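Listed below, chain by chain, are the residues.
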Amino acid sequence: LRISALIPTYNRREHTCRAIDSVLAQTLSVDEIIVVDDGSTDGTADEVCSRYGSRVAVIRQENAGVSAARNCAIRAARGEWLAFLDSDDVWLPEKLALQFDAIAKLGSSEFGACFTDCAFCGNESMRLSAFAAAGLESPLMFGALDDPAKYVLARQPVMFVQNLVVRRSLIEELGGFDEAMVVSEDTDLLFRLTLKTKICFVAETLVRIDRTPSREVGLCELYSSDEERVYEALERMYGKWLTLPSNLTGSHRPAIRQMLLSTCYDHAIAKAYRFRLVAAFRKLHDAKAIEKSYGAVIHALLSRGVRKLRRVAGGALA
């Protein structure tokens, strides 16, 4: 059993050290810790090298985003298992030990990934754990998901890269994270992963994820500030999912199709607000290719407009 802990970072010197400390405090030791500094300007890489020496491998690269940083770490990793941790989050000491207990007890040959419950810190509106918010209840400490894809598509997710351990061979087979996406690159990889392997969980809160609204700019925020690129990334993701093999169940395909359609509408409306009318019409044409008729597209747009007006009116009267 060889485990690689992978930490991408950008301008989070102290946070990164806190994340590394949580890895070093694991009751099940990792074989290597790899930090990829994605073009930090605050001395993050130098601080990590100075504080940890040979215990942590540091790779520096030009700023290219979180997907590129994670993929860089994956290429450098030598472990059979990968465990991802964002630089502003921490693991509790038993995380890895309990995850590998779960995999061993449920069947190491069948389960290629395991995740845990996690808590969200720094945001008073997120008091529930991930499992509680998603309604994932288990009377047992360890369990298996019957339909993992359903939990990725749900409004309240339970799987994050920070609470996951996964076989490196599976990530390599999937081609790693999609570097063309500026948002939801983790959701994209997790969804594709659900179609490749059985996934189990540990029903205990073992990861703390920072959701402080005012936290420093991170790799995701750097690349998601352009609204146009956000819509393009989501359309790319849903379109990609719809081309996946037949093991994508029939019940999920309509849901993904609707997500793609909704994103096309939102994208078209955003373009129209900016008076980019030709581009907006082209996006509606994309929606028509999904809906199969302009009548359905117009009806959907009118319905969305009415709902928005009601929300605005409701807010004005409140």
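The rules we used
Residues numbered from 1 in each chain as written. Predicted model: local features only at pLDDT ≥ 70, side-chain atom pairs only at ≥ 80, totals over all residues. Heavy atoms only, no water. Helix = DSSP H or I, 4+ residues; strand = E, 2+ residues; numbered from the N terminus. Buried < 20%, exposed > 50% of the residue type's maximum accessible area, 1.4 Å probe, protein only. Contact = heavy atoms within 4.5 Å. Expected span 1.5 Å × (residues − 1). Salt bridge = Lys/Arg side-chain N within 4 Å of Asp/Glu carboxyl O.

## Describing the overall build of the chain
Step number 1: Looking only at helices and strands, the chain has 13 helices and 9 strands in total.
Step number 2: The buried share of the chain, reckoned over its 318 residues, is 49%.
Step number 3: Counted over contacts in the chain with a minimum sequence separation of 6, partners at least 24 positions apart contribute 77%.

## Considering helix H4 (residues 95–106)
Step number 1: With 12 residues, H4 ought to run about 16 Å at 1.5 Å a step, and its terminal C-alpha atoms sit 17 Å apart, in line with that.
Step number 2: Of the residues one or two after H4, Gly107 is the one with positive phi, at around 125°.

## Considerations on the pattern of salt bridges
Step number 1: One pass over the full model with this rule turns up 18 salt bridges.
Step number 2: Among the ionic pairs, Arg70 bridges to Asp86, the shortest N-O distance being 2.9 Å. You can see Arg70 sitting in helix H3 (residues 66–76) and its partner Asp86 sitting in the loop between strand E4 (81–84) and strand E5 (90–91), a full 16 residues away along the chain.
Step number 3: As a salt-bridge pair, Arg192 and Asp188 come within 3.2 Å of each other at their nearest N and O atoms. Of this pair, Arg192 and Asp188 both sit in helix H8 (residues 185–194), 4 residues apart, which is roughly one turn of that helix. Neither residue differs from the other here; Arg192 and Asp188 are each classed as buried.
Step number 4: Connected via shared salt-bridge partners are Asp178, Asp188, Arg192, Arg236 and Lys240.

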